Amino acid sequence: MKSNINYNKTKLSNKTKIALYQAMLKPRLIEEKMLILLRQGKISKWFSGIGQEAISVGVTMAMHAEEYILPMHRNLGVFTTRDIPLYRLFSQWQGKANGFTKGRDRSFHFGTQEFNIVGMISHLGPQFGVADGIALASKLKNKNQVTAVFTGEGGTSEGDIHEALNVASVWQLPVLFCIENNGYGLSTPTKEQYNCENLADRALGYGMESHIIDGNNILEVFTKISKITESIRKKPRPVLIEFKTFRMRGHEEASGTKYVPQELMDQWAKKDPIDNYKLHLLEEGILTEKEDAIFKAEIKAEIDTHLDRTNAEAAIVSTESNELNDVFKSFDYQDVKESKNTEELRLIDAIHVGLKQSMEKHNDLVIMGQDVAEYGGVFKITDGFVEAFGKDRVRNTPICESAIIETAMGLSIAGIKSVVELQFSDFVTSGFNPVVNYLAKSHYRWNQNADVVLRMPCGAGVAAGPFHSQTNEAWFTKTPGLKVIYPAFPKDAKGLLATAINDPNPVLFFEHKALYRSIRQDVPTDYFTIPFGKAATLKQGDDITVIAYGQAVHWTLNTLDKHQDISADVIDLRSLQPLDTETIYASAKKTGRVIILQEDSLFGSIASDISALIMENCFEHLDAPVKRVASLETPIPFINQLEDQYLSRDKFEAELLALLEY
Ligand SMILES: Cc1ncc(C[n+]2csc(CCOP(=O)(O)OP(=O)(O)O)c2C)c(N)n1
Ligand SMILES: [Mg+2]
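All of the points below concern the structure found in this document.

Each value, and the rule that gives it
Residues numbered from 1 in each chain as written. Chains lettered and ligands numbered in written order. Predicted model: local features only at pLDDT ≥ 70, side-chain atom pairs only at ≥ 80, totals over all residues. Heavy atoms only, no water. Helix = DSSP H or I, 4+ residues; strand = E, 2+ residues; numbered from the N terminus. Buried < 20%, exposed > 50% of the residue type's maximum accessible area, 1.4 Å probe, protein only. Lys, Arg positive; Asp, Glu negative; His and termini not counted. Salt bridge = Lys/Arg side-chain N within 4 Å of Asp/Glu carboxyl O. Polar contact = N/O pair within 3.5 Å; in protein donor to acceptor, adjacent residues only side chain to side chain. Contact = heavy atoms within 4.5 Å. Donors = N, O, S within 2.8 Å, 3.2 Å for Na, K, Ca; no water. Tetrahedral: all angles 85-135°; square planar, octahedral: opposite > 155°, others 65-115°. Phe/Tyr/Trp six-rings, centres within 6.5 Å; stacked < 30°, edge-to-face > 60°.

Looking at the side chain of E180
And step 1. Looking at the element boundaries, E180 is found in strand 3 (residues 175–181).
And step 2. Despite its burial, E180 pairs with no opposite charge, the nearest such side chain being R74 at 7.1 Å.
And step 3. There is a polar contact of 2.8 Å between the side chain of E180 and the side chain of Q52.
And step 4. Here E180 is in contact with Q52, I55, N75, F150, T151, G152, E153 and F243, once residues within four sequence places are set aside.

This is the structure we're talking about:
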């Protein structure tokens, strides 16, 4: 028999040629074993990469061990070529302790810093943006490294992919973007997925180099990718590769391949990357049947030994507290005391100065956002930062919230802190997926923290309409894994921002636009920190407890100024996640009456949850039902009359008096 793949002459040594063969055999033989285990119900799901091994193996062999690879669900060859001990992979798939996620996530949904692999989240597309971040770190640290990232052709239809390619090109990031075009995305054929001839052609539009490579030809994959990665190391830039290949089995084993025409299957079966390469090696006299049999027997023995080890492993047993402890990376809070010297600052100045001092303290901290560089940001928070810290660290971004938040995740994986300025907190919706799925869940899933602060200029009272006025903190307090901070005063804003940047976990830092220039306070001049999870009791009294945060704190204080006779505890939460329940309960138990004022609309909000917590924990001490005062259940309208009517501000006084009378 002759090989159906045309292997061109290469300068590779016989040793390398054999190593490539062995590296492809390993994932193939593992898969054959896993298909048996799947039928026996020992693993939950299997995404087959049979027929696509040349891509994972060829790319990984062309990468240096210290360079990051971001694989997808069909890239077993990446994991095996990085020499991860097989029992660890088997334990991962069986949800055992020697896996990579402590039973918290399945299949290939994990990363490992030990092997410089960053596994996928189910949503596919975010991988490209995360690769941008890792590559940016490499560029900033002059490491001359390439980052390789994979996607299927189906995934390329996601917006994240487009955003990430654009950012990589604008910033000339050293990323090898690998598209495995295997004909189908689940049941969807390529002609229903995109309407261009080759996906590689899209690179032209991004101003990016691209190549089409026969993904079933291991020698072509390895030699071309080796040349390209070597060139990227010398001259950092993104390169897009389209590998032409085919998916020989179902999307996952349960879904079958009925929708794939048989002739396509037959045609591609003849192009199997391993069978053909073996024939080639035999023809060239580099391999004998006997050696082939030995290689296979060795790999099978390795698989069996490691499977025994996994099978002998006990099932994971965890506790609630153990699970809760892993949601966040532990943070050793360093209390930096306030200096005696102060200056009177507006909220906006306090954030400006605080951010600047953190840029000085953390000398690789990066700020990214739209118009944050020379222009200084739309609110001028970063005015003068480019002059002080340079364009590498103060980065204007294209308009692409997803890719930038993913880039921040990638920077964190590579050990660099970042602050992302959302131009308005409303626009976080365009980057919602990476926030709630990547930043929030990575530490719990595979012990990878997201050292990212998202600055969120928010809030109403500025007659800016439904898309520039929202206060959307409750979208995030709902999601375990995110910290949510919401200061009401300049001093708190400065100290809490310093802590947010020190904290290695993802923090959403809400800055109320209406307070930026309206609130002044004496603020310590030097750098200082304020701990999370501690509310501020602004006034002490016995009749009633008022709980508020953000702009609502000022509405509360203004209302109480009019009613000097009311003796109230006023609690400014400052930190919504973590929440200071101790202060809340102590005050509720003391006064027996609690009213919660918030700017957000009511249902599913902070006030609702705090109210429920007080009912559950302080019921016997209450003299009245807990009252929530919140804004109307409509989007936030534009004109003043409508906005005033929408906001809870003017409803508070009557509700406060009514509750005192209850
Ligand atoms: C955001 C999102 N939408 C849909 C899915 C479901 N899904 C998972 S993989 C997949 C097909 C992916 O196709 P492709 O990118 O071509 O990769 P392949 O499976 O062919 O390797 C789909 C639809 C998902 N995981 N995430
Ligand atoms: Mg596909």
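What follows continues from the structure just given.
A few points about the coordination of the magnesium ion (ligand 2)
Six octahedral donors around a metal ideally subtend angles of 90 or 180 degrees, whereas four tetrahedral donors ideally subtend 109.5 degrees.
And step 1. The protein atoms that coordinate the magnesium ion (ligand 2) are E153 (OE), E153 (OE), N182 (OD1) and Y184 (O), at distances of 2.0 to 2.7 Å.
And step 2. Considering all six donor atoms around the magnesium ion (ligand 2), angles at the metal cover 52 to 168 degrees and the coordination shape is irregular.
And step 3. Spacing between the donor residues of the magnesium ion (ligand 2) along the chain follows E-x28-N-x1-Y. Of this pair, E153 sits in the loop between strand 2 (147–152) and helix 6 (159–170) while N182 sits in the loop between strand 3 and strand 4 (184–185), and the two are 29 residues apart along the sequence. Each member of the pair, E153 together with N182, is buried.

As for the pattern of salt bridges
And step 1. One pass over the structure, following the stated rule, counts 36 salt bridges.
And step 2. A salt bridge links K590 to D569; the nearest nitrogen and oxygen atoms lie 2.9 Å apart. You can see K590 sitting in helix 22 (residues 581–591) and its partner D569 sitting in strand 18 (residues 568–572), a full 21 residues away along the chain.
And step 3. Residue D569 is classed as buried on the basis of its relative accessible area, which comes to 3%.
And step 4. Through salt bridges with shared partners, a single ionic network connects E67, E230, R233 and K234.

Digging into the packing of aromatic side chains
And step 1. Summed over the entire model, instances satisfying the criterion amount to 23 aromatic pairs.
And step 2. Centre to centre, the rings of Y21 and Y277 are 6.2 Å apart; their planes meet at 50 degrees, and the pair counts as tilted. Separated by 256 residues along the polypeptide, Y21 in helix 1 (residues 14–39) and Y277 in helix 10 (residues 273–283) bring together distant segments of the chain. Like Y277, Y21 is buried.

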